Amino acid sequence: MYLYTLRTAGLFMFALVVLAPLNHSIAATFANAVVSYNPGISSNALNPEAALGQPGAIAGEDTQFASILSPFNPHYEDDQIVQLGEGGSITLQLARFAVTTAGTPEIGIFTNTGISDASWPAGIAGNDLELSGATFGIDSAKMEVSADGANWVNLGMIRFDQPSSAFTNATSPYQSDTTGLIPANFGLPHDNVLADYAGKDWNSIQGLLGNSAGGTWIDLDASGLSQVGWIRLSLDSDGNDATLLNFELDAISVASSATGGLVIPEPSVMAILFSLTGLLARRRR
Ligand SMILES: [Ca+2]
Ligand SMILES: [Ca+2]
Ligand SMILES: [Ca+2]
C-alpha cells in the first residue's frame, strides 16, 4: 500500500510538471494542427504544416537571398506557405481559443501578400496600391470559424491584403543580418488598411506597423460565437476554366489580448490524466 501510494504520488508529480508549462501565458498563439487540407487545383506549396506556428523571421532562409520577412519581402518557400487553388480548403486548429472581445480584432491571417518596391532597394510603396503590379500575392478566400470544430459560421469572402513584418527596427526591408533587430509581435492587431501604405518610405511603413507584425485582422464580434478554436479557409471555383484563382497562407495568430484556454489538451497530458483516473479508481476498490 505504501509503495502504491508512492507510485501514485510520483505519477501525480510528473503530471504536474508536464502540465505546468501549459498554464503560462504565451506571447502569441498560432494554429498548431492541420484538421484537413484539400489543395484544389493547385500545383505548388502543398505542405499544409507550413501554416502552423509563427512565420519564420527570414524569407529564403538558407539561400543566398536570405533576408528579413518584411512588407516588401514575404515568404514564398514551400515550408513556409501553403497554397489553395479553386475548390481547395484548409481547416486548422488553434493552440488556444480566440475569445470574442469587444474593441479588438481577435484573429490575424498572415499570407504571402507583399508591396512592390517602387524604388528598390529603398523600400518605397507606390502611390496607388490598387494598381496592377503595385502589390503582389493579394488574394481573397472564404473564411469560416468554429467553436467546436463541427459547427461553422461563414464570415464571407475576405481580401487578405495586409503584409507581414518580422522586425520593428530594420534599416532595410531586405536586411540579412538580424543583429540588434527587435522581433515584431504577431499577437498585436493593427488598424492599417492597404491605402495607408501608399507612397510611404521604409521608415514610415515601420511607423505604421509599430510593434505589430502586420497581417489581416478579423473581428469575431459579428460571428455570434463566444470563442473560436478552428478556422477554415477555402476557395470555390469561379466557374471559369480560364482563371486559376489561388490563395496562400503563412500563419494564423490569436491576439494576445483575446487569447483563451487550450483548445484540446496535448495527447501526452490526456494519457497521463487517464492513467491518474485509472489509478485512483483502482485504489477506491
Ligand atoms: Ca497570395
Ligand atoms: Ca477558374
Ligand atoms: Ca507559415
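Residues numbered from 1 in each chain as written. Chains lettered and ligands numbered in written order. Predicted model: local features only at pLDDT ≥ 70, side-chain atom pairs only at ≥ 80, totals over all residues. Heavy atoms only, no water.

## Considering the overall build of the protein chain
Put simply, the test is: Put simply, DSSP H or I for four residues or longer makes a helix, DSSP E for two residues or longer makes a strand, and each gets a number counted from the N terminus. Type-normalised accessible area, obtained with a 1.4 Å probe on protein chains alone, sets the label of each residue: buried when under 20%, exposed when over 50%, and partly exposed for intermediate values. Note on definitions: a residue-residue contact is assigned when non-hydrogen atoms from the two residues lie within 4.5 Å. Surface accessibility in these figures is a Shrake-Rupley result with a 1.4 Å probe; residues are shielded only by whichever protein chains are displayed.
Of the regular secondary structure elements, the protein chain holds three helices and 14 strands. Here the protein chain holds 285 residues, and the buried ones make up 45% of them. Long-range pairs, those at least 24 residues apart, make up 77% of the contacts in the protein chain between residues at least 6 apart in sequence. Accessible surface for the protein chain amounts to roughly 13700 Å². Of this, 56% is attributable to carbon and sulfur atoms.

## Details of the side chain of serine 234
By the secondary structure assignment, serine 234 is in strand β12 (residues 227-235). Once residues lying within four places of it in the same chain are set aside, the contact partners of serine 234 are Leu84, Gly88, Ser89, Ala141, Lys142 and Glu144.

## Observations regarding the side chain of aspartate 250
Note the following rule: Lys and Arg are tallied as positive, Asp and Glu as negative. Neither His nor the chain termini are counted. One speaks of a salt bridge when a side-chain nitrogen belonging to Lys or Arg is within 4 Å of a carboxyl oxygen belonging to Asp or Glu.
Within the element layout of this structure, aspartate 250 appears in strand β13 (residues 246-254). It turns out aspartate 250 is buried and unbridged, and the closest side chain with the opposite charge, arginine 159, is 18 Å from it. Dropping the residues within four chain positions of it, aspartate 250 is found in contact with Ala50, Ala51, Pro55, His75, Gln80, Ile81, Phe110 and Thr111.

## Quick word on the coordination of the calcium ion (ligand 3)
Under the convention used in this document: Only N, O and S atoms count as donors, using a 2.8 Å limit from the metal and a wider 3.2 Å limit for Na, K and Ca, and since water is excluded some coordination spheres may look unfilled.
Around the calcium ion (ligand 3), the protein supplies Ala50 (O), Gln80 (O), Asp250 (O) and Asp250 (OD) as donor atoms, at distances of 2.1 to 2.4 Å. Mapped onto the sequence, the donors of the calcium ion (ligand 3) take the spacing A-x29-Q-x169-D. Residue alanine 50 is located in the loop between β1 (29-38) and β2 (58-59), and its partner glutamine 80 is located in the loop between β3 (67-68) and β4 (82-85); the two are separated by 30 residues in the primary sequence. Residue classification places alanine 50 among the buried positions, given a relative accessible area of 6%.

## Things to note about the coordination of the calcium ion (ligand 2)
Rule in force here: All geometry calls rest on donor angles, where a four-donor set with angles between 85 and 135 degrees is tetrahedral, four- and six-donor sets with opposite donors more than 155 degrees apart and all others between 65 and 115 are square planar and octahedral, and all else is irregular.
Looking at the calcium ion (ligand 2), the protein donor atoms are Glu86 (OE), Glu86 (OE), Asp238 (OD), Asn240 (O), Thr243 (O) and Thr243 (OG1), and they sit 2.2 to 2.6 Å from it. For the calcium ion (ligand 2), the six donor atoms in the first shell make angles of 54 to 168° at the metal, so the coordination geometry reads as irregular. Considered as a linear motif, the donors of the calcium ion (ligand 2) on their single chain read E-x151-D-x1-N-x2-T. Linking glutamate 86 in the loop between β4 and β5 (88-99) with threonine 243 in the loop between β12 and β13, this pair joins segments that are 157 residues apart in sequence. By relative accessible area, which is 7% here, glutamate 86 ends up buried.

## Describing the pattern of salt bridges
Enumeration over the complete set of coordinates arrives at three salt bridges. Among the salt bridges present, the one from glutamate 130 reaches arginine 159, with a minimum N-O distance of 3.0 Å. Placement of glutamate 130 in the loop between β7 (114-115) and β8 (135-136) and of arginine 159 in strand β10 (residues 153-160) is noted, with a sequence separation of 29 residues between them. Here arginine 232 makes a salt bridge to glutamate 144, at a shortest N to O gap of 3.7 Å. Here glutamate 144 lies in strand β9 (residues 139-146) and arginine 232 lies in strand β12, a separation of 88 residues in the sequence. Ionic contacts of the salt-bridge type, sharing partners, join the residues Glu130, Arg159 and Asp161 into one network.

## A look at the packing of aromatic side chains
So the rule is basically this: Stacked, edge-to-face and tilted labels apply to pairs of Phe, Tyr and Trp rings (six-membered ring for Trp) whose centres lie within 6.5 Å, assigned for plane angles under 30 degrees, over 60, and everything in between, in that order. Both a distance and an angle decide whether a charge sits over a ring: NZ of Lys or CZ of Arg must be within 6 Å of the ring centre and within 35 degrees of the ring normal.
With the rule as written, the count across this model stands at six aromatic pairs. With a centroid separation of 5.3 Å and an interplanar angle of 50°, the aromatic rings of phenylalanine 160 and phenylalanine 247 are classed as tilted. Taken together, the positions of phenylalanine 160 in strand β10 and phenylalanine 247 in strand β13 put the pair 87 residues apart, joining distant regions of the chain. Phenylalanine 247 shares its class with phenylalanine 160; the two are buried. Over the aromatic face of tryptophan 152 sits the side chain of arginine 232, whose NZ or CZ is 4.1 Å from the ring centroid.

## Remarks on the pairing of β10
A regular strand places its side chains so that they alternate between the two faces of the sheet. Going by this rule: Two strands pair under a simple rule: DSSP has to find at least two bridges between them.
Two strands pair when backbone bridges link them, and β9 and β10 are joined in this way by six bridges, in the antiparallel orientation. What sits directly across from glutamate 144, in β10, is asparagine 154. If you look at the hairpin formed by β9 and β10, you'll find six residues sitting between the two strands, and glycine 149 has a positive phi there, around 80°.

## Description of helix α2 (residues 202-209)
For clarity, the cut-off: When we speak of the arc, we mean the arc of directions from the helix axis to the C-beta atoms.
Restricting attention to buried positions, one finds in α2 the residues Trp202, Ile205, Gln206 and Leu209. For α2, the angular spread of the buried residues around the axis is 100°, confining them to a single face. Summarising the geometry of α2, the exposed residues directed more than 90 degrees from the buried face are Asn203 and Gly207. After α2 finishes, the residue glycine 210 shows a positive phi value of roughly 60°.

From the geometry alone we can't say anything about function, so treat these as descriptive.
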